[in-house]
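Analysis of the macromolecular model
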Amino acid sequence: IDTTAYLRCQDMIHRFWNALDYRRLDEILLRLTPDARWQRERWYEGETDIRAALLARPADLRIRHVVTN
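Everything in this summary refers to the structure shown in the same document. (Residues numbered from 1 in each chain as written. Predicted model: local features only at pLDDT ≥ 70, side-chain atom pairs only at ≥ 80, totals over all residues. Heavy atoms only, no water.)

Moving on to the overall build of the chain. When helices and strands are tallied, the chain shows three helices and two strands. Moving toward the C terminus, one meets the helices and strands of the chain in the order α-α-β-β-α. Its C-alpha atoms give the chain principal-axis dimensions of about 40 × 30 × 20 Å. Across the 69 residues of the chain, 22% fall into the buried class. Partitioning the contacts of the chain with sequence separation of at least 6, the portion at a separation of at least 24 is 39%. Here the chain displays about 5,500 Å² of accessible surface, and carbon together with sulfur accounts for 54% of that area. When the 12 basic and 11 acidic side-chain charges of the chain are each reduced to a single mean position, those positions are 4 Å apart. (Helix = DSSP H or I, 4+ residues; strand = E, 2+ residues; numbered from the N terminus. Buried < 20%, exposed > 50% of the residue type's maximum accessible area, 1.4 Å probe, protein only. Contact = heavy atoms within 4.5 Å. Areas by Shrake-Rupley, 256 points an atom, 1.4 Å probe, with all protein chains shown as cover. Lys, Arg positive; Asp, Glu negative; His and termini not counted. Charge placed at Lys NZ, Arg CZ, Asp CG, Glu CD.)

Below is the structure:
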């Protein structure tokens, strides 16, 4: 295993979920490809659709993801 690559991957995963937890939408969307699909109640496709879905979440909703191995 390439330890450096493994740690960089883990860091990227943690940063993504942390950005989601703290509603940093620009940071989330920067980590997605232009043709990204996001599944919640339904499939959301592309940056505009995904941003709208994330913005529709209640501002006072607090979710904390725990990423473990």
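Listed in full, the 12 residues of the largest apolar core are Phe-16, Ala-19, Leu-20, Leu-25, Ile-28, Leu-29, Ala-36, Trp-38, Tyr-44, Ile-50, Ala-53 and Leu-54. Every element with two or more residues in this core is listed here: helix 1 (3-21), helix 2 (25-30) and helix 3 (46-55). Excluding anything up to four places from it in sequence, Leu-29 contacts Glu-47, Ile-50 and Arg-51. (Core = buried A, V, L, I, M, F, W, Y, C linked by side-chain atoms within 4.5 Å.)

This next bit is on helix 1. For helix 1, spanning 19 residues, the distance from its first C-alpha to its last is 27 Å, which sits close to the expected 27 Å at 1.5 Å a residue. For helix 1, the full list of buried residues reads Phe-16, Ala-19, Leu-20 and Asp-21. Here the buried face of helix 1 lies against helix 2, strand 1 (37-39) and helix 3. One side-chain oxygen of the residue at the start of helix 1 lies 3.1 Å from the amide nitrogen of Thr-4, identifying that residue as Asp-2. Downstream of helix 1 by a residue or two, Arg-23 has a phi angle that is positive, lying close to 55°. (Expected span 1.5 Å × (residues − 1). Polar contact = N/O pair within 3.5 Å; in protein donor to acceptor, adjacent residues only side chain to side chain.)

One can find Leu-25 in helix 2. Exposure remark for Leu-25: the relative accessible area of 10% places this residue in the buried category. Spatially, the C-alpha atom of Leu-25 lies 7.0 Å from that of Arg-51, the residues being 26 residues apart in sequence. In contact with Leu-25, not counting residues within four places along its chain, are Arg-51, Leu-54 and Leu-55.

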